[in-house]
Amino acid sequence: MNFSFSAMAATAALIIFPTVGLTNEIHTPTGPVVLTIKGNISKTNVGDAMELDYSMLSSLPSVSFETSTIWTEGVSEFTGIPLAALLDYVDADGHTIKAYAINDYAVQLPIEGLTESYPIVAFQKDNEEMTVRSKGPLWIVYPFDSSADLQTETVYARSIWQLNKLEILD
């Protein structure tokens, strides 16, 4: 094989510095921060945390599903980022998530129990941004109607609304 010196140098640079030119730029929030992720994460944008405003969060790949909840009337459509995808986004490494609400209420979720599609960190209900009054701006939601396994006190307890912080623990 004939490699020029510049081709070998470029290949060596990619081996030594694999992230140069290959990762998405990490932005800092320009609006009010709606979610802070701390703990065992590799990607940060403000000190040792990843802070996301609504625009940043809603620009990530999202999913939607319809479900009823024990806290709301009827079936609603929830749109948000799968929690597992959000952990991938910040390069999380841990076994437990401690989720906090704006009133400092906290719950723990095992990372092992996350799937590619749920739970989601919902930022919309029925195609509208959720307000604090409507359990927002963020709510960890499961597709409760899809399985009796999701209709348990344990899962309901993990469905924290008015979410504003995630901490990734060992």
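Residues numbered from 1 in each chain as written. Predicted model: local features only at pLDDT ≥ 70, side-chain atom pairs only at ≥ 80, totals over all residues. Heavy atoms only, no water.

Draft legend 1. Structural detail: the packing of aromatic side chains. Going through the model one piece at a time under the given rule, you end up with 10 aromatic pairs. Between tryptophan 139 and tryptophan 161 the ring centres are 5.9 Å apart and the planes differ by 80°, which places this aromatic pair in the edge-to-face class. Of this pair, tryptophan 139 sits in strand E9 (residues 139-141) while tryptophan 161 is found in the loop between helix H4 (153-158) and strand E10 (163-169), placing the two residues 22 residues apart along the sequence. Classification of tryptophan 139 by relative accessible area gives buried; the value is 1%. Assessed through its relative accessible area of 28%, tryptophan 161 is described here as partly exposed. Of the aromatic side chains, those joined through ring pairs into one cluster are Trp71, Phe78, Tyr118, Trp139, Tyr142, Phe144, Tyr156 and Trp161. In this structure, lysine 165 is placed above the aromatic ring of tyrosine 100, and the distance from its NZ or CZ to the ring centre is 4.5 Å. (Phe/Tyr/Trp six-rings, centres within 6.5 Å; stacked < 30°, edge-to-face > 60°. Helix = DSSP H or I, 4+ residues; strand = E, 2+ residues; numbered from the N terminus. Buried < 20%, exposed > 50% of the residue type's maximum accessible area, 1.4 Å probe, protein only. Lys NZ or Arg CZ within 6 Å of the ring centre and 35° of its normal.)

Draft legend 2. Highlighting the pairing of strand E4 (residues 75-82). Burial runs high along E4: 6 of the 8 residues are buried. Inspection of the sheet shows strand E3 (residues 63-68) paired to E4 by 6 bridges, in the antiparallel sense. Looking at the pairing, serine 68 lines up with valine 75 of E4. Between E3 and E4, which pair antiparallel and follow one another directly, the connecting turn spans 6 residues, one of which, glycine 74, has a positive phi of 70°. Taken together, the 5 bridges between E4 and strand E7 (residues 120-125) define a ladder with antiparallel strand orientation. Paired with threonine 79 across the two strands is glutamine 124, which belongs to E7. (Pairing = 2+ DSSP bridges.)

Draft legend 3. Summary view of unusual backbone geometry. In this structure, proline 119 follows tyrosine 118 across a cis peptide bond, with omega equal to 0°. Tracing the sequence through the fold places proline 119 in the loop between strand E6 (106-110) and E7. The peptide bond linking glycine 136 to proline 137 adopts the cis configuration, its omega dihedral lying at 10°. Along the chain, the position of proline 137 falls in the loop between strand E8 (128-129) and E9. One non-glycine residue, lysine 135, adopts positive backbone phi at about 75°. With respect to the helices and strands, lysine 135 occurs in the loop between E8 and E9. Its identity is not glycine, yet glutamine 162 carries a phi of approximately 55°, on the positive side.

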